[in-house]
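This is what each chain is made of:
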Amino acid sequence: MVKQFLEKEGAQLEKDGEEHYYNIRTRFNKEGNPLDFLFLSRACFNGLIRFNRKGQFNVPFCRKPKRFVRAYITKIVNQVARFQDAFCHYCWEFICSDFETIITAATANDLIYCDPPYLGRHVDYFDSWSEEDEKRLFNVLSKTKARFILSTWHSNKYRENVTLKSLWKQFYVITKEHFYHVGAKESNRSAILEALVLNFTPKQNQLEKK
Ligand SMILES: C[S@@+](CC[C@H](N)C(=O)[O-])C[C@H]1O[C@@H](n2cnc3c(N)ncnc32)[C@H](O)[C@@H]1O
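Residues numbered from 1 in each chain as written. Predicted model: local features only at pLDDT ≥ 70, side-chain atom pairs only at ≥ 80, totals over all residues. Heavy atoms only, no water.

**Details of helix H1 (residues 2–16)**
Threshold: The secondary structure listing takes helices from DSSP runs of H or I that are at least 4 residues long and strands from runs of E that are at least 2 residues long, numbered from the N terminus. The span one expects for a helix is its residue count, reduced by one, times 1.5 Å. Throughout, a contact is declared for two residues whenever any of their heavy atoms are within 4.5 Å.
With 15 residues, H1 extends 21 Å from end C-alpha to end C-alpha; this agrees with the ideal 21 Å at 1.5 Å per step. Along its buried surface, H1 packs onto helix H2 (18–31), helix H3 (34–43) and helix H4 (70–87). Two residues or fewer after H1 comes Gly17, characterised by a positive phi angle close to 70°.

**Observations regarding the side chain of Asn156**
The test is simple: Whenever two N or O atoms come within 3.5 Å, that pair is a polar contact, provided that in protein one can donate a hydrogen and the other can accept it, and provided that, for residues adjacent in sequence, both atoms are side-chain atoms.
Structurally, the position occupied by Asn156 is in the loop between strand S2 (147–155) and helix H7 (163–166). Within the structure, Asn156 has its side chain in polar contact with the backbone nitrogen of Tyr158 (distance 2.8 Å). A distance of 2.7 Å separates a polar side-chain atom of Asn156 from the backbone nitrogen of Arg159. If we skip the residues at most four places from it in the chain, Asn156 touches Arg121, Ala191 and Ile192.

**Quick word on the side chain of Arg25**
Worth spelling out the cut-off: Only protein chains enter the area calculation, which uses a 1.4 Å probe; residues under 20% of their type maximum are buried, those over 50% are exposed, and those in between are partly exposed. Under the convention used here, Asp and Glu are negative, Lys and Arg are positive, and both His and the chain ends fall outside the count. For salt bridges, the criterion is a side-chain nitrogen of Lys or Arg within 4 Å of an Asp or Glu carboxyl oxygen.
When you line up the elements, Arg25 lands in helix H2. The buried charged residue Arg25 lacks any salt bridge, with Glu18 as its nearest oppositely charged partner at 9.6 Å.

Pasting the structure below:
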């Protein structure tokens, strides 16, 4: 199904160019077909996943009409197959809700992974992320019996994430440099030091596993 769909829409994209990309984007925002989203996520600018305030996918075209060459379609088909193998044996429940509702329901047997918008960075998700949200997240994570891992940013060559020192300092922090290829211009692309905040240490995890 994925192969036939991408071959058909890829050929149309090669023929009609960006007009076909925007037709599929309009269709997806109306109907929400996951195959359209797969196409858009692979033909949009820099693979960015962004929604506007109306919850509509609004990323521009990648300007590569010949995007869906045979080898690329095969790669995507294999990725979907690997995902299905890895995930379809478990029953998943996806809940769209404010984080506070979900985190307060967690128990000591749970592992919580939080990846909120980065405070103080250009959070152009369809809803913004405020200091109040960061404090609210801190309050619920500080009280949880579950283990948590929080993704946030540490610093870049211009600024640092002050909440790491003001709010999250009691927790275990791991940092890793990451280079973002998001900016339209080369000059906007730079490295950032990412951080993982945990309420347990990897060592603790190893010990408990033994
Ligand atoms: C960095 S993105 C998550 C990306 C995702 N983990 C991924 O890998 O594709 C941050 C997400 O937090 C969501 N968000 C913002 N405020 C929220 C809130 N109060 N409760 C729950 N989710 C929120 C945004 O809608 C956005 O999808």
